[in-house]
Amino acid sequence: MSILDWLNSEAFHVFGQEVIWSDMAGNSIGLAALALGWWRSIWTWPVQFLSGLILVSAYAWADLPGGVGKQLLVIGVALWGWRQWQRGRQQAQDGTIAVRFASWKERGLLVAGAVAGTLAVGGIFSAFPTLSWSPWADAYIFVGTLVAMIAQARGLVEFWFAWLLVDLVGVPLAFHSGLAFSGLVYVIYLALVLWGMRDWWQRSRATAPVLEGAPA
């Protein structure tokens, strides 16, 4: 049995649904990446990279090309985020990344990018049905993940709000797609997002005056 065959083999059943190893491993590692992001550790990015690699196999098995595309995007953004945090990690006295709230201009750009990106990707998925059986939900999650990771790479508290909005669609879609473990992990993500949002919000109070208007 090849590694890919093993990754896409059954691990166990939960709630009457099959859980495959790639779904379980990829999302467990992704959960660790989110926790590392909460702690502002630069290791969040290589861990996210590894999660993306494994989840490519899970989404391919579930016949969700949109999910595969999202994970390929996650892999690329993880490399960029690693570089961004390497450049900015000295902004905090403890050696971790400093965090702040986005300026109104940055918020506008993130929202505009999310809307335009969702319309564009949803249009592509709708025009080519083989790419996704749920084009608009996939497009929403696809673009929302990108927006969240860009905000995270820039140390913006809004990163957590973006993840929260992604989770609201990601949980039901994962269960409906037969990726039960993904659905369960998304529920745990929700709790981590709320805690992480509170932590970054509090930390931003000390760094916001210094970082307001920081260069891109």
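Residues numbered from 1 in each chain as written. Predicted model: local features only at pLDDT ≥ 70, side-chain atom pairs only at ≥ 80, totals over all residues. Heavy atoms only, no water.

We now examine the nonpolar core. Counting residues in each nonpolar core, the largest one holds 50 residues, and the members touching the most others are Leu-34, Trp-45, Phe-159, Trp-160, Trp-163 and Trp-200. Listing elements by their share of this core, those giving two or more residues are α2 (21-38), α3 (44-61), α4 (65-88), α5 (104-127), α6 (135-153), α7 (158-176) and α8 (180-211). For this core, the element with the most residues is α6, which contributes 10 residues. Aside from chain neighbours lying at most four places away, what touches Trp-45 is Val-77, Ala-78, Gly-81, Trp-82, Trp-85, Met-149, Gln-152 and Ala-153. (Core = buried A, V, L, I, M, F, W, Y, C linked by side-chain atoms within 4.5 Å. Buried < 20%, exposed > 50% of the residue type's maximum accessible area, 1.4 Å probe, protein only. Helix = DSSP H or I, 4+ residues; strand = E, 2+ residues; numbered from the N terminus. Contact = heavy atoms within 4.5 Å.)

What follows is about the packing of α5 against α6. Remark: α5 packs on α6, axes separated minimally by 8 Å, with the N-to-C direction vectors making an angle of 145°. Like other packed secondary-structure pairs, α5 and α6 cross with a definite hand, here right-handed. Between α5, through Leu-110, Gly-113, Ala-114, Gly-117, Thr-118, Leu-119, Val-121, Gly-122, Gly-123, Phe-125 and Ser-126, and α6, the contact on the second element is made entirely by Pro-135, Trp-136, Asp-138, Ala-139, Tyr-140, Phe-142, Val-143, Val-147 and Ala-151. Of the residues belonging to the contact of α5 with α6, the class tally is 13 nonpolar, six polar and one charged. (Axes fitted to C-alpha atoms, helices over the stretch in contact; angles between N-to-C directions. Left-handed = near helix turned anticlockwise from the far one by under 90°. Nonpolar A, V, L, I, M, F, W, Y, C, P; charged D, E, K, R; others polar.)

Taken together, the side chains of Val-111, Val-115, Leu-119 and Trp-136 present a nonpolar region at the surface, about 410 Å² in accessible area. Considering every element that reaches the nonpolar patch, the biggest residue donor is α5, with three residues. Inspection of the secondary structure assignment puts Leu-119 in helix α5. (Patch = residues over 30% accessible without salt bridge, like charges linked within 9 Å, V, L, I, M, F, W, Y side chains within 5 Å. Areas by Shrake-Rupley, 256 points an atom, 1.4 Å probe, with all protein chains shown as cover. Salt bridge = Lys/Arg side-chain N within 4 Å of Asp/Glu carboxyl O.)

Structurally, Thr-44 is set in helix α3. What makes Thr-44 buried here is its relative accessible area of 2%. A distance of 3.5 Å separates the side chain of Thr-44 from the backbone nitrogen of Gly-37, its partner in a polar contact. Each residue touching Thr-44, except ones within four places of it in the same chain, is listed here: Ala-33, Leu-36, Gly-37, Trp-85 and Gln-152. (Polar contact = N/O pair within 3.5 Å; in protein donor to acceptor, adjacent residues only side chain to side chain.)

Here we come to the packing of aromatic side chains. Considering all chains together, one arrives at 10 aromatic pairs under this definition. Their ring planes at 85° and their centres at 5.2 Å tell us that Phe-101 and Trp-201 sit as a pair that is edge-to-face. Residue Phe-101 is located in the loop between α4 and α5, and its partner Trp-201 is located in helix α8; the two are separated by 100 residues in the primary sequence. Both rings, one in Phe-125 and one in Phe-142, keep their centres 6.4 Å apart while their planes meet at 90°; by these two values the pair is edge-to-face. On the criterion of sequence distance, the pair formed by Phe-125 in helix α5 and Phe-142 in helix α6 is long-range, its members being 17 residues apart. One exposure class covers both Phe-125 and Phe-142, and it is buried. Grouped by ring-pair contacts, the aromatic residues Trp-38, Trp-39 and Trp-195 constitute a single cluster. Its end group placed over the ring of Trp-104, Arg-107 keeps NZ or CZ at 4.5 Å from the ring centre. (Phe/Tyr/Trp six-rings, centres within 6.5 Å; stacked < 30°, edge-to-face > 60°. Lys NZ or Arg CZ within 6 Å of the ring centre and 35° of its normal.)

For Arg-40, which is not a glycine, the phi torsion comes out positive at approximately 60°. With respect to the helices and strands, the residue Arg-40 is situated in the loop between α2 and α3. A relative accessible area of 7% means that Arg-40 is categorised as buried.

Below, the discussion takes up the confidence of the model for the protein chain. Residues with a pLDDT of 70 or more make up 80% of the protein chain, whose mean pLDDT is 81. No element of the protein chain has a lower mean pLDDT than strand β1 (residues 10-14), which averages 64, and none a higher one than α5, which averages 95. In this model residues 209-216 is a low-confidence stretch, pLDDT under 50, and it forms nine contacts with partners more than four residues away in sequence or in other chains. (pLDDT = per-residue confidence, 0-100.)

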